[in-house]
Amino acid sequence: MLDDVKKRLESFGYTVTDADAWVLDFIIQKVENQIKNECNVDAVPDGLHNIAVDMVVGEFLLNKKSRGQLEGFDLEAVVKQIHEGDTSVTFAIGDGSKTPEERLDELILYLMNYGKGKFAAYRCIKW
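Conventions used here
- Residues numbered from 1 in each chain as written.
- Predicted model: local features only at pLDDT ≥ 70, side-chain atom pairs only at ≥ 80, totals over all residues.
- Heavy atoms only, no water.
- Axes fitted to C-alpha atoms, helices over the stretch in contact; angles between N-to-C directions.
- Helix = DSSP H or I, 4+ residues; strand = E, 2+ residues; numbered from the N terminus.
- Parallel < 35°, antiparallel > 145°, perpendicular 65-115°, else oblique.
- Left-handed = near helix turned anticlockwise from the far one by under 90°.
- Contact = heavy atoms within 4.5 Å.
- Nonpolar A, V, L, I, M, F, W, Y, C, P; charged D, E, K, R; others polar.
- Buried < 20%, exposed > 50% of the residue type's maximum accessible area, 1.4 Å probe, protein only.
- Core = buried A, V, L, I, M, F, W, Y, C linked by side-chain atoms within 4.5 Å.
- Salt bridge = Lys/Arg side-chain N within 4 Å of Asp/Glu carboxyl O.
- Phe/Tyr/Trp six-rings, centres within 6.5 Å; stacked < 30°, edge-to-face > 60°.

Trainee: Break down the packing of helix H1 (residues 2-11) against helix H2 (residues 21-39) for me, citing the residues and quoting the values.
Mentor: Here H1 crosses H2 at 110°, and the two axes come no closer than 11 Å. It follows from the interaxial angle that H1 and H2 lie roughly perpendicular. In terms of crossing hand, the pair formed by H1 and H2 is right-handed. Along the contact surface, H1 presents Leu2, Val5 and Leu9, while H2 presents Leu24, Asp25 and Ile28. Partitioning the contact of H1 with H2 into residue classes produces five nonpolar, no polar and one charged.

Trainee: Tell me about the environment of Val53, and name the residues and values.
Mentor: Examined against the element boundaries, Val53 turns out to sit in helix H3 (residues 49-66). A relative accessible area of 5% places Val53 in the buried class. Along the sequence, Val53 and Ile28 sit 25 residues apart, while their C-alpha atoms lie 8.1 Å from each other. With residues up to four places along the chain from it excluded, the contact list for Val53 reads Met1, Asp4, Val5 and Arg8.

Trainee: Which residues make up unusual backbone geometry, and what are the values?
Mentor: Backbone geometry places Asn40, a non-glycine residue, at a positive phi of 60°. Considering the arrangement of structural elements, one finds Asn40 in the loop between H2 and H3. Look at Asn40 and you get partly exposed, because its relative accessible area is 29%.

Trainee: Give a description of the nonpolar core that names residues and reports values.
Mentor: If you look at the biggest cluster of nonpolar residues, it comprises 31 residues, and the most contacted ones within it are Val5, Leu9, Ile35, Val57, Phe60 and Leu61. Elements that contribute at least two residues to this core include exactly H1, H2, H3 and helix H4 (100-113). Among the elements that take part in this core, H3 stands out by supplying eight residues, more than any other. Apart from the residues within four sequence positions on either side, Val57 is in contact with Val5, Arg8, Leu9, Phe12 and Leu111.

Trainee: Requested: an account of the pattern of salt bridges, with residues and values cited.
Mentor: Applying the stated criterion across every chain yields a total of four salt bridges. Across the pair Asp20 and Lys64 runs a salt bridge whose closest N-O atoms are separated by 3.1 Å. With Asp20 in the loop between H1 and H2 and Lys64 in helix H3, this pair connects stretches of sequence that are 44 residues apart. The exposure class of Lys64 is buried, given its relative accessible area of 9%.

Trainee: Describe the packing of aromatic side chains, with residues and values.
Mentor: Following the criterion strictly, the structure yields three aromatic pairs and no others. A centroid spacing of 5.4 Å and a plane angle of 70° characterise the contact between Tyr14 and Phe60, whose relative ring orientation is edge-to-face. Residue Tyr14 is found in the loop between H1 and H2, and its partner Phe60 is found in helix H3; the two are separated by 46 residues along the sequence. The buried category is assigned to Tyr14, whose relative accessible area is 5%.

Everything listed here is a matter of geometry and, on its own, says nothing about what the molecule does.
Pasting the structure below:
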């Protein structure tokens, strides 16, 4: 999963450094445990892998932003719109009525929360 997280971060313009390794490992374990607990399974199901990657990326970006360590991240380049299948999420209206930081905050929330409703399809009942 770590390689996918690094590639996803790079797709947003963030270059992963060696100093990020421990934090990324911690957040990956945290997200995996959250999914395993909510679904009552022993491993993250394959169908939730991409959602888990996005959740890790969102948590990581929030962590870096809240500590003021999001250096080298171009806020102007933050995604304005995401298309997944027939779903579209727009983070800026018109000519960009939101500031780059507001778009970044919305992107982080999207990454951390999108797909949580799909956990239900993988839930197992505990006896």
